[in-house]
Each structure stands twice: as C-alpha cells, then as structure tokens.
2 protein chains.
Amino acid sequence: MVDKEKSKGRGRPRAFDRDRALDQAQALFHAQGYEGIGVAALAQAMGVNPPSLYAAFGSKAQLFEEVLERYARSALPVDTLLAEGAEPVAALTALLRVAAAIYTADPQAPGCLVLEGARGADPDAALRARVWREASAARIAAFVAHTHAGKAATVADYMVSIMSGLSADARAGHDVARLTAVADMAALALQEMLTKAG
Amino acid sequence: MVDKEKSKGRGRPRAFDRDRALDQAQALFHAQGYEGIGVAALAQAMGVNPPSLYAAFGSKAQLFEEVLERYARSALPVDTLLAEGAEPVAALTALLRVAAAIYTADPQAPGCLVLEGARGADPDAALRARVWREASAARIAAFVAHTHAGKAATVADYMVSIMSGLSADARAGHDVARLTAVADMAALALQEMLTKAG
DNA sequence: CTAAATTTGTAATGATCGCTATATAAATGA
DNA sequence: TCATTTATATAGCGATCATTACAAATTTAG
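Residues numbered from 1 in each chain as written. Chains lettered and ligands numbered in written order. Predicted model: local features only at pLDDT ≥ 70, side-chain atom pairs only at ≥ 80, totals over all residues. Heavy atoms only, no water.

Participant: Mind showing me how you'd approach the protein's contact with DNA strand D here?
Facilitator: Around DNA strand D, 23 residues are found, and the nearest of them are V39, Y54 and K60 of chain A together with A15 and N49 of chain B. The sugar-phosphate portion of DNA strand D accounts for 70% of its atoms within 4 Å of the protein, the bases making up the rest. Measuring from a phosphate oxygen of DNA strand D, one finds a backbone N or O atom of V39 of chain A at 2.7 Å. A15 of chain B is positioned such that a nitrogen or oxygen atom in its backbone is 2.7 Å from a phosphate oxygen of DNA strand D. Listing elements by their share of the surface near DNA strand D, those giving two or more residues are helix 3 (50–57) of chain A together with helix 3 (50–57) of chain B. Ranked by residues supplied to the surface near DNA strand D, first place goes to helix 3 of chain A with three residues. (Near = heavy atom within 4 Å. Polar contact = N/O pair within 3.5 Å; in protein donor to acceptor, adjacent residues only side chain to side chain. Helix = DSSP H or I, 4+ residues; strand = E, 2+ residues; numbered from the N terminus.)

If you want it as structure tokens, here you go:
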C-alpha cells in the first residue's frame, strides 16, 4: 500500500527534477556528512522548499537512504572488477587501487559515502549505511569463496576494513599517491593470504 | 597570560573532581561521538551545570581537546610496543593486535576516540583529533625509520589506515575475533614490506 | 465548469544546539 | 569585619534542528 511515483497523476505536477535533486543531495551528504548538513541547506541546494522535499522523499533519513542506494550502485565498478572468472589477487588489488583513485577524485567529496555514513553518530543514518557496507562485504566474500571458500569471510572483512581506512585517509586530505601506496601495500597481504597454503 | 589552574586560590573552591569529570566526558564522547553528545548531557554526566563546565574547560571543543589528549596518551601503550630496539615486524604486528583488543574491549565505547573524532563533521573537533592522528603517524614513522628509512612514511600511513579500519569495524559491532583476524592479515603486508628487498 | 488530487511557497512548530547574564554562595587576603 | 575572588545554580539567550499547518496554485477526471 505504499504509493509509488506515478508518471502521471491528477494533481499539480512536480516542479523539479527528482534525479537532479538527488544529485545535489548526494553531493552535500558526501561533502558534509549526514549530520553536517541540514534539511534547510539540502532543500536550498536541491532548488526546493522543505515541504516539497518531505513530500517527495519522506524524511531526511529516507532521502539519505535513496542517495546511499544510488551511490552504492554506481560509485565503484564492483561487478566489473569482481567478475566470476577473475584472478582473485589481481581483482581485489585492482579494487583497492580503484577505490584509492575514486576516494580522492573529488576533493570536495572525499572518501566513501557508505563507509563514512556507517560511522556517523546518527543511529538511523548509520544503520542505513551499514546495510550497504555489509552488502559490499557479502559481495566480496562471495567472489573470494569461488576460489578460497575457507578464507572468504576474513578476506572480505579485510577488504572492507582497508577501504574504510582509505576513506578516512581521503577525508584527512591525503592525495591519490598516498592512498595508492597504502592500497598497494595492503595488496601484499592479499597475495600472501591467497597464494600460500593454509 | 593564560590562567592555569592553581591548586589554591582565593575564591570559592571547585565542588567537583576535574579528573573524574574528564573521565565522564571521555566516556560520553567515545560512546556517542563529538556531535552525538550535547553540552547539557555532558554537564549532567559530569555532575556539573553548564556554566561550571565552561568556567573549567572553556568550550565544548576545548573540553574535547583535553579528553583527546588524555586518551591519546593512555589508550595504546605505543612507547612500550615501539621501543627503540624492537624488531619492526613483530612490534607493529603487536600494535595492531593490541589495537584490535582495545577497540573492542568496551562495547559501549568501541573504536579509537582519536581516529573516529578525526572523521567527524564538525571541523573544529576533527581538526583537533587530526593533530593526534598525525602525531601517531609520526611516532610510527620514526620507529620504522630506524631500520627502514625509505619505507617509513608509507608504512606509517598503512598502520594508521589499518587502525582506522579496525576502529570502524569495532563501531560496526564486530567482535575481537574478527578484528584480530583482520589485524593478523594486515600484518602479512608488514612482513612482506619490511623483510623483502626493495 | 466543477470537484478531487497533488505540489507549491510561506511561515511557523517544539526541541535542542552551544553558550552566557545574573545573582548567590563560599573561600581567602587585608 | 569586609572587600575580593572564584564557583555555583537558575534561567534563558539567539540560532538551528527536523518537521509540518496552511492556503494558494495547478493539474486531471468527470
């Protein structure tokens, strides 16, 4: 019984582009964090008044959830990098290096929106972000399990932990070279873990 | 010309224990984050009214700074673990394992107060926490430089990044076993980095 | 042309934010 | 004793928080 957006209904038509509004919200959430940006500032950047924001998205937390989903689905090319037949060490190393690049690509939106959101003080926002954090861990674990079933959980934990550290580095202002150096060093552990017996 | 606390002065004596008040503040900041706890709640937990808090500590940000310093000096036994003659791989591995244990020791205060504070949305608090984050990186870099001067900066970056990831894991609710598994896997990269030529 | 439906902008809600003006209480120094 | 100094508690400051009443505007259905 939840109303979904119908392309054409009866009343007054919406005066703003929902996707463009979400783009603006994503930029602000990424730059300032969930708690660092207020609804008034969000609404202004989205070119909308607060009541329209609430009518369209429900609440600040629900807006954040929609932004998180868009980001999680598009930020990292996980499905491309972790294709079924890919060599595990190379694929995971590539994922870390791409993360290092993407986390530093936009100086005004450093780090990973999901991983940073998962650490926020607001329990509602953190919970919603953690859903995607865990989804990413599960995605990596499934990939690793194809070749190293017994190590999948630990390797996935390790990957998410490394990416969380890279995200924090990016937010601390480190540049792509420093992030990449850390990513490459982290890859040494992948090599050891996945190519030696144990 | 900054007034320092004198053990005895003229006026009415302070009615609370400054150190115990800082303990309470540290517990709340650690549990809820700088932005997650308000001055009113801090004052109540410290057994003090807001004006006394401001008279004793200056501001919320300055109180946080004092808490950070206490925490940074006492949370991890860095000076013991990174003693001058210690073997680098073993010492740094031990530091990661101790961090994993400490970050999960108190379920109500998971993670590292400094590393989590350095990530907050409040620029004032984040800046003050980043001072200690960088101090830790410098401390580790100096230790590594004794034996591997050319790799000190990258290894220090790596260590801080790993610890930041472990702190995020702790805040996500992972237990000490999962954190330790990640720490041990991260140690494989230390072994590779510091015992092979390059 | 009218009624129902939906979005719009204006303006305000109560709550909480960090912080402080004010007056009183309690200590010391003269 | 009495002025000075410092800490105390009460109470409230303006600002901002997420959220929403409300009425005017704009659409389609009948």
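Having seen it, we continue.
Participant: Mind showing me how you'd approach the pattern of salt bridges here?
Facilitator: If the charged atoms of two oppositely charged side chains come close together, the side chains can form a pair. All names here are of chain B. Applying the stated rule across the entire model yields 26 salt bridges over all chains. A salt bridge links D124 to R128; its shortest N-O distance comes to 2.8 Å. Here D124 and its partner R128 are both found in helix 8 (residues 123–145), four residues apart, which amounts to about one turn of the helix. Given the relative accessible area of 34%, D124 is considered partly exposed. Ionic pairing is found between K196 and E192, a salt bridge with its closest N-O pair at 3.4 Å. Relative accessible area serves as the criterion here: at 16%, E192 is assigned to the buried category. (Salt bridge = Lys/Arg side-chain N within 4 Å of Asp/Glu carboxyl O. Buried < 20%, exposed > 50% of the residue type's maximum accessible area, 1.4 Å probe, protein only.)

Participant: Teacher, can you tell me more about the layout of surface pockets here?
Facilitator: One number sums up the size of the second largest pocket: a volume of about 630 Å³. For the lining of the second largest pocket, the elements supplying multiple residues, two or more each, are helix 1 (18–32), helix 7 (113–117) and helix 8 (123–145) of chain A together with helix 1 (18–32) and helix 7 (113–117) of chain B. Here the lining of the second largest pocket gets five residues from one element, more than from any other, and that element is helix 8 of chain A. Looking at the lining of the second largest pocket residue by residue, the classes come out as 17 nonpolar, ten polar and ten charged. (1 Å grid on protein atoms, 1.4 Å probe; cavity = no way out; pocket = protein on both sides within 12 Å on 5 of 7 lines; lining within 4 Å. Points joined across faces, edges and corners; volume = space filled by probe spheres on them. Nonpolar A, V, L, I, M, F, W, Y, C, P; charged D, E, K, R; others polar.)

Participant: What's the story with helix 3 of chain A in this structure? I'm lost.
Facilitator: Turn by turn, an α-helix covers 3.6 residues, leaving residues three or four places apart pointing in a common direction. Residue and element names in this part refer to chain A. Those residues of helix 3 lying buried are L53, A56 and F57. Viewed along the axis of helix 3, the buried residues span an arc of 75°, placing them on a single side of the element. Residues of helix 3 that are exposed and point over 90 degrees away from its buried face: P51 and A55. Looking at the packing, one finds that the buried side of helix 3 touches helix 1, helix 2 (39–45) and helix 4 (60–74). Taken from the residues just after helix 3, G58 is the one with a positive phi, measuring 100°. (Arc of directions from axis to C-beta. Contact = heavy atoms within 4.5 Å.)

Participant: I tried to follow the relation of the copies chain A and chain B on my own but got confused; where do I start?
Facilitator: The two chain copies are connected by a rotation around an axis plus a translation along it. In the superposition of chain A on chain B (RMSD 0.1 Å, axial shift 0.0 Å), the rotation amounts to 180°. What we have between these two chains is a two-fold relation. A share of 97% of interface residues in chain A that are also interface residues in chain B marks the association as one of identical surfaces. (Least-squares fit on C-alpha atoms with pLDDT ≥ 70 in both.)

Participant: I keep staring at the interface of chain A and chain B and nothing clicks. Help me out?
Facilitator: Buried accessible area, meaning the area lost when the parts come together, often serves as the stated size of an interface. The partner chain B presents 32 residues to the 32 residues of chain A that form the contact. Of the roughly 2800 Å² buried at the junction of chain A and chain B (both faces included), carbon and sulfur atoms supply 59%. Contact with chain B buries area across many residues of chain A, yet R119, D157 and M185 of chain A alone supply 25% of it, more than any other trio. Linking chain A with chain B are six salt bridges, by the criterion used here. Here R178 of chain A and D157 of chain B are joined by a salt bridge, their closest N and O atoms 2.8 Å apart. For the pair chain A and chain B, the number of links is 15 residue pairs in polar contact (both at pLDDT 80 or more). (Buried area = accessible area lost by both parts, 1.4 Å probe.)

Participant: Explain the protein's contact with DNA strand C to me, please; I cannot follow it from the model alone.
Facilitator: Taken together, 23 residues form the shell around DNA strand C, and within it A15, N49 and S52 of chain A together with V39 and K60 of chain B come nearest. In DNA strand C, atoms within 4 Å of the protein come from the sugar-phosphate backbone in 68% of cases. Between a phosphate oxygen of DNA strand C and a main-chain N or O atom of A15 of chain A, the distance comes to 2.8 Å. The contact in question runs from a sugar or linking oxygen of DNA strand C to an N or O atom on the backbone of R10 of chain B, over 2.9 Å.

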